[in-house]
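Structural description and commentary
Chain by chain, the residues run as shown.
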Amino acid sequence: MSLLLQSIVLGVLLGGLYALLAAGLTLYFGVMRVVMIAHSAFLILAAYLAWYFTTSTGLDPLLSLVVTVPLFFGIGVLMQRLLLSRLRPATLTMMSVLLTFSIALVIEGMLGFVFTGTQRRIRLDYGAASFEVFGANVAVVKLIAFALAAVSLLGLYVLLKKTQFGQALRATIQHPEAARLVGINTDRVAGYGFGLGLATAAIGGTALALDSTIYPSLHWHWIGPLMAIIVVGGLGSIPGAAIAALVLGLGQSLLQIPLGTTWAQTFFYAALFLTLMVRPQGFFGGRLAQRF
Amino acid sequence: MRSASDTAPTTGRGLLLARLAGLVVLAALVLSFPSLAPDPFILSVGVVIMSYAVLATSWNFVGGFTGYISLGHASYSGLGGYATGLLVIHTGVNPWLAMLAGGLVVAALAVPIGIASLRVRGASFVIVSIALVLILLLVFQSWGSFTGGSNGLRIPRPFDPSVLRPEQHERFFYLHAALLAVALLTWWAIDRSRFGMGLKAIREDEDKAQSLGVPTFRYKLVAFVVSAFFTALGGGLYALWFGFLDPIFQFSILVGSYMVLMSLLGGIRSLFGPLLGAVIVGYAVEYFKNQYGDTQFHLVAMGLLLAVVVLFMPDGIIPAISQLVARFRPQAASIREMTQADLAQQRRGAAEETDDTTDGASPSRENEGAHR
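Residues numbered from 1 in each chain as written. Chains lettered and ligands numbered in written order. Predicted model: local features only at pLDDT ≥ 70, side-chain atom pairs only at ≥ 80, totals over all residues. Heavy atoms only, no water.

It is worth spelling out the pairing of strand E2 (residues 136–139) of chain A at this point. Sheet faces and side chains relate simply in a regular strand, where the side chains alternate between the two faces. Residues and elements named next belong to chain A. Every second residue of E2 is oriented toward a common face, the buried set being Ala136 and Val138 and the non-buried set Asn137 and Ala139. Taken together, the four bridges between strand E1 (residues 130–133) and E2 define a ladder with antiparallel strand orientation. Residue pairing in the sheet places Val133 in a bridge with Ala136 of E2. The loop that links E1 with its antiparallel partner E2 comprises two residues; one of these, Phe134, has a positive phi angle of about 50°. (Buried < 20%, exposed > 50% of the residue type's maximum accessible area, 1.4 Å probe, protein only. Helix = DSSP H or I, 4+ residues; strand = E, 2+ residues; numbered from the N terminus. Pairing = 2+ DSSP bridges.)

See below:
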C-alpha cells in the first residue's frame, strides 16, 4: 500500500515536471507549427549551466535562473527570427524538425566538447533530505522541481489569459491571418512566443539538474517521452499536453513496480502508438492537429 | 528539381548517349575503387560509404517519392542486422539466406508499423519514427538473453578464415555495390511507373492526389515497406561485414539522420542524389570521427552541415549550385520553364517586398502555412 502511494506521489511530481516541459513544445507548435526536437537539448544545456554556476560560485542552482531564463528567452527569439522564419512555408513542419535536430546535435557536441562526457551531479545540502506524508517518502528536491513547474505553469496561464501580449499570442496561434488583420504584429509575437517556450526549458532544465545525473547525450532519453506527451495530448493543445503529461508520468511511475525502470519507459511509446491507432489527432487536439 | 522521368520525353539521342556514358564511368569508378585504394583502411572507408549509399538510397524510397521524412530508418537497418545475425547464430543457416530472410522479416514488421505511422503526416510521422528507434533501443538493450544486450552481438564471418581482412573488405565492397545497384534499379523503375507518379502526386499535394483517385494510403504503405526491406538488407550486409552489433550504434537516431542528410544534400528527387550525398557525407563523417573522435566535436560538424543543407539547399546540392550559376548568368529573354514551387516562391517574394514597405498583411505566406 505504501509502495503504491509512494509511486502515486512520485508520479504526480514527475508528471508536473513533464507538463512544464511539454508546455514549451506546445507553444512552439502553436505559434510556428514547429516541432522542436532541440527542446530537450536546451533542457540539458540549462542543467549544465546550473551545475557550472553552482560548482563555480557555490550558490544555490536555483539562482542561476536569473541568468538562464532571460538568456534562453533571447536565444528563442533569435532562433525564431533568424532561422525558423527562413524556412519555406510549404515544407516548414518537416524542415523545422531537421533544423531543430541539427541544433540539438550542435548543443550536444558543444557540451561534450566543453564539459567532456563525464557524468555530473550537483551537490546540495538538502540533496538527500526528505519527509513523510502518510507513509510516502517525498524528496525535497523533487518537491522543489514540482513547485517550480507549478509556479511557471501558473505564470504561463496568467500571462496567456490576462495580459494583452497573451491575448495577441493566443490570437496568433488560433488564426494568424485574422490576428494580422486586427493589427497584431504576428512575426514579433511568434518570436516572443518562441522565446517563452525556450524560457520554460531553462526552468525545467534547472529543476532537472537538482536531482539527476547529467551527461551530454541525456537529451535523447527525454526527447521520446516529451514527444509522446504532445502527440497523445494533441499537438498544439496546452491543456491536452498538461493532462497527458500527468497521466503518462503517473502511469510510468506505477508501472515501475511490476516492470522495473527500463520497461516502464516503453509505456510512453505504447501510449503513443495506441493514440495513433485510435485517435491520430491526439485526445485533446482539434481539427488542426490532424494535419500534422 | 526535376526527376529523370520528367525530362524523358524531351531527351534527344545525344543526351541519352551522354547519360549512358556517365553511367559507364560511374560503374567503372565504383568497380575499380578496390584496386585503386592505397591501403585496407581506405578500402574499409569505401565499404562504409557504400553501406551509407545503400541506406540513403533505401531511405529515399519513402523520403524522395512521398516526401515523408523519417528520422528513424535506423530501426530497419538495425533490425535487419540483428535478424541476420540472430538467424546465423541460432539456426546456422547460410548467411546470405539469413540476410534475405532478415529483410523479409523486417518488411513484414514494417506493414503494421507503416499502418500505424502513415496515418499521420508531417511532424507526427517524424515523431513516430524517432519513437520507434528509441523503443527498439530500449528493447534490444533490456532483452539481453536474446540479443546480447549492451554487451553486443558477435556474428560469425560468412567467409572461411583463409580469406584475409583486405580481401574480405574487397568482397564486401562489391556486395554492397551490387545491392546498391539493385536498389537504384528499383528506384528508377518506380520513378518511371504509374505507381511512382501516384507517389509523387502524394508528395506534392496529398489531398489533391487523393481526390484525383490515387489510393494514397496503399501507395504510401507499399513504398514504406519496400524502403524498409532494402534498408534491412543494407543493415544485414553491414552486420555480416562488421561482425559485431551493439544496440547503441544500431538503433541510433544519428544513423537515421545521416540517411536524411545524405539524401537531402544529394537531392531527394533524383536517382543518384542519395549516392552523391553518401559519398560527401560518408567521407565527412569518417574524417571528423577520425580527427575529433575523442571529443563530441564531430556532432557539431554534422549538426552545422545539416543546418546549412536545410536552410540553403533543401532541394539538394545540384539545384543549389545550378541556381548559383544562373544568378551570375545574364537572364534569358525567352519564356523560362518554372515549377509551381518556383512561381509560388517568386510571388511570395514579391508579396513580402510590398509587405516590408506597408507593414500590412501578406496573406499568401500565412495561407500556405495554415493549410498544410
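The next subject is the environment of A:Phe115. Residues and elements named next belong to chain A. Assignment of secondary structure puts Phe115 in helix H4 (residues 92–115). Judged by its relative accessible area of 13%, Phe115 is buried. Sequence separation between Phe115 and Tyr48 is 67 residues, and the spatial gap between their C-alpha atoms is 8.5 Å. Look past the residues within four positions of Phe115 in its chain and what remains in contact with it is Tyr48, Trp51, Tyr52 and Arg120. (Contact = heavy atoms within 4.5 Å.)

Residues and elements named next belong to chain B. Of the residues in chain B, 88% have a pLDDT of 70 or more, and the chain-wide mean is 83. pLDDT under 50 marks residues 356–372. Its contacts with residues more than four places away, or in other chains, come to 26 contacts. ipTM for the predicted complex: 0.85, alongside a pTM of 0.83. (pLDDT = per-residue confidence, 0-100.)

Below, the discussion takes up the side chain of B:His298. Residue and element names in this part refer to chain B. Structurally, His298 can be placed in helix H15 (residues 297–312). Here His298 falls in the buried class, since its relative accessible area comes to 12%. Here His298 is in contact with Phe288, Lys289 and Tyr292, once residues within four sequence places are set aside.

Here we take up the interface of chain B and chain A. Taken together, the contact between chain B and chain A spans 54 residues of the former and 47 residues of the latter. Here chain B and chain A share one salt bridge between them. Between B:Asp315 and A:Arg88 there is a salt bridge, and its shortest N-O distance comes to 3.0 Å. Summed over the shared surface of chain B and chain A, the result is two residue pairs in polar contact (both at pLDDT 80 or more). Taken together, the elements giving at least two residues each to the side of chain B that touches chain A come down to helix H6 (122–142), helix H13 (253–266), H15, helix H17 (340–358) and helix H18 (363–371) of chain B. When residues of the side of chain B that touches chain A are assigned to their parent elements, the largest contribution, 14 residues, is made by H6(B). (Salt bridge = Lys/Arg side-chain N within 4 Å of Asp/Glu carboxyl O. Polar contact = N/O pair within 3.5 Å; in protein donor to acceptor, adjacent residues only side chain to side chain.)

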